[in-house]
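Survey of secondary and tertiary structure
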Amino acid sequence: MNKEYVKDKLVVITGASSGAGRAMAIEFAKKGARLVLSARREEALKEVADECTELGATTAVVTADTRYADNMQDLAKAAFRFGGAIDVWINNAGVLAAGALEEIPADVNEDVIRINLIGYIHGARAVLPYFKEQGYGVLINNISVGGWFPTPYMTAYAASKFGLRGYSEALKGELNQFPHIHVCDLYPGFLDTPGIQHAANYTGHVLRPAPPVYDPRKVARAVVSLVYEPRPSTTIGLSSALLRMAYGLFPALSRNMTAAVIRGYLKKADPIVHTSGNVLGTVPYGSGIDGGWRNMPRGRSMKLGAVLLTGVAIGLAIMNRK
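Presented here is a report on the structure given in the accompanying data block.

The rules we used
- Residues numbered from 1 in each chain as written.
- Predicted model: local features only at pLDDT ≥ 70, side-chain atom pairs only at ≥ 80, totals over all residues.
- Heavy atoms only, no water.
- Helix = DSSP H or I, 4+ residues; strand = E, 2+ residues; numbered from the N terminus.
- Rg over C-alpha atoms; globule rule 2.2 N^0.38 Å.
- Buried < 20%, exposed > 50% of the residue type's maximum accessible area, 1.4 Å probe, protein only.
- Contact = heavy atoms within 4.5 Å.
- Areas by Shrake-Rupley, 256 points an atom, 1.4 Å probe, with all protein chains shown as cover.
- Axes fitted to C-alpha atoms, helices over the stretch in contact; angles between N-to-C directions.
- Left-handed = near helix turned anticlockwise from the far one by under 90°.
- Nonpolar A, V, L, I, M, F, W, Y, C, P; charged D, E, K, R; others polar.
- Salt bridge = Lys/Arg side-chain N within 4 Å of Asp/Glu carboxyl O.
- Pairing = 2+ DSSP bridges.
- Right-handed = clockwise from strand over helix to strand, strands pointing away.

Across its full length, the protein chain holds 11 helices and 9 strands. Its C-alpha atoms give the protein chain a radius of gyration of 19 Å, near enough to 20 Å, the size a compact globule of 322 residues would have. Taken along its principal axes, the extent of the C-alpha atoms in the protein chain is 55 × 45 × 35 Å. Going through the 322 residues of the protein chain one by one, you find that 54% of them count as buried. The long-range fraction of contacts in the protein chain, counting pairs at least 24 apart against all pairs at least 6 apart in sequence, stands at 77%. On the protein chain, roughly 14,000 Å² of surface is accessible, and the fraction owed to carbon and sulfur atoms is 55%.

Structure, rendered in C-alpha cells:
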C-alpha cells in the first residue's frame, strides 16, 4: 500500500483508548496520518496519543461518549477545527453484556444498544455534513462477526450488531449519489483485546473468548487499507467467514448449538460476581491493545472454539453432500 496516500489524512477514531481502536491509532500514526482520538477515558487516550506522537503523528484527544448526539457533534467540530477537513471517520466504540436476558439489568441492555448501535448512528450523523460539503470521505464501521452470527446470552449485543448492518445498508442507499463518500463495514472474528475483561457479566462465571482469537493489529491494517481502497464489506479471519456461512445455511442449528456450548462452558467456568463492567461507566483497567488470550494455555475456551468450528464444518459437509 502506498504510505503517502494515507499521510496527512485526518482520521477520527472512536473507542481509541484500548483494543482495536488503539491498534488503529498506532497503525495510522506509522503511516503519518493526523489523528483525532476519542473515548470516555481521558487518561488512557492521552497514553495512546503520546505513543502516536512518538511515532511522528500529529494527534489530538477529545473525550466523548458516543451515547450522546451532542458529544459526537462536538467531536466532529473539534476534528474539523484541528484538521480543516475530515477524511476518515471510524465508528469503533463498543461494549458487551453477557447473561440470560432477564438477569441483565434493563439499563445495561439499553446502554449496550445506545453505545453499539445508536453511537454509530450519532457518529455518522455528525460527520456526514462535513463529507457532503467536501464531496468526499470514508466512514468505517467496525461491526464484528456478531453482525452475521447471533450469540445467545448476549442478546442486546446481538441486537445491536444485527442493527448495525441495517443502519449501514440503508445509509449506503442514501449516499449512492455521492460517489466519493464511502461507507465500509468490517466483520472481524473474535479479537484478542481487553473487551471481555471490560464486559458487563451477569452469567456468574468468568468469561473467555472462543478461539481462534485474532490479533487486533490485523483489523488495524485492514482499516488502513480501506482508506486506500474503500470496499463496502470486509470479513477478517476464516472463522468469521465460516460462522457467517453456517448461520446463513443453518440458522436454527447454529444458534442452538452455540447456546448449548455456552451453557456447557459456563457450568465449568470459575465463579465471579455480577458486574456492569464498562457499560454504564468506565473501568480503570485494560487500556492496552491485547487482552492476553492468545498466550493462554489451551483449556476450556479452546474447547469452546473447537466445538463451534467443528459444528460449522459438519454443517458445510452436510450441505456439500446434497
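There is more to say after this.
A few words now on the side chain of T234. By the element assignment, T234 lies in strand β9 (residues 233-236). Leaving out residues up to four positions away in the same chain, T234 has contacts with D185, L186, Y187 and L226.

A separate point is the packing of helix α4 (residues 69-83) against helix α5 (residues 106-134). The contact between α4 and α5 brings their axes to 8 Å, and the two run at 35 degrees. Note that α4 runs across α5; the crossing there is right-handed. Seen from α4, the contacting residues are A69, M72, Q73, A76, K77 and F80; seen from α5, they are H122, G123, R125, A126 and Y130. In the contact of α4 with α5, the residues fall into 6 nonpolar, 3 polar and 2 charged.

In this section: the pattern of salt bridges. Oppositely charged side chains may form a pair once their charged atoms are brought near each other. Within this structure, the stated rule accounts for 14 salt bridges. Residue K46 pairs with E42 through a salt bridge whose shortest N-O separation is 3.5 Å. Of this pair, K46 and E42 both sit in helix α3 (residues 42-54), 4 residues apart, roughly one helical turn. K46 gets classed as partly exposed once you look at its relative accessible area, which sits at 37%. Linking D111 and R67 is a salt bridge whose minimum nitrogen-to-oxygen distance equals 2.6 Å. A residue pair is termed long-range when its members are at least 10 positions apart, and D111 in helix α5 and R67 in the loop between β3 (59-63) and α4 qualify at 44 residues. Residue classification places R67 among the buried positions, given a relative accessible area of 10%.

Read across the sheet, 7 strands follow the order β3-β2-β1-β4-β6-β7-β9 without closing on themselves; strand pairing throughout is parallel. Strands with a single pairing partner mark the edges of an open sheet, and in this sheet they are β3 and β9. This sheet shows a mean twist of 15 degrees between the axes of neighbouring strands, independent of strand direction. Relative to strand β7 (residues 181-188), helix α8 (residues 216-228) is tilted by about 160 degrees, and along the sheet it contacts β4 (88-91), β6 (137-142), β7 and β9.

Let's shift gears to the pairing of β6. Judged by how many residues are buried, β6 sits mostly within the fold: 6 of 6 residues are covered. Taken together, the 4 bridges between β4 and β6 define a ladder with parallel strand orientation. Each residue of the ladder has a partner; that of V88, found in β6, is V138. Chirality of the crossover, the property in question, places the unit of β6, helix α6 (residues 155-174) and β7 among those that are right-handed.

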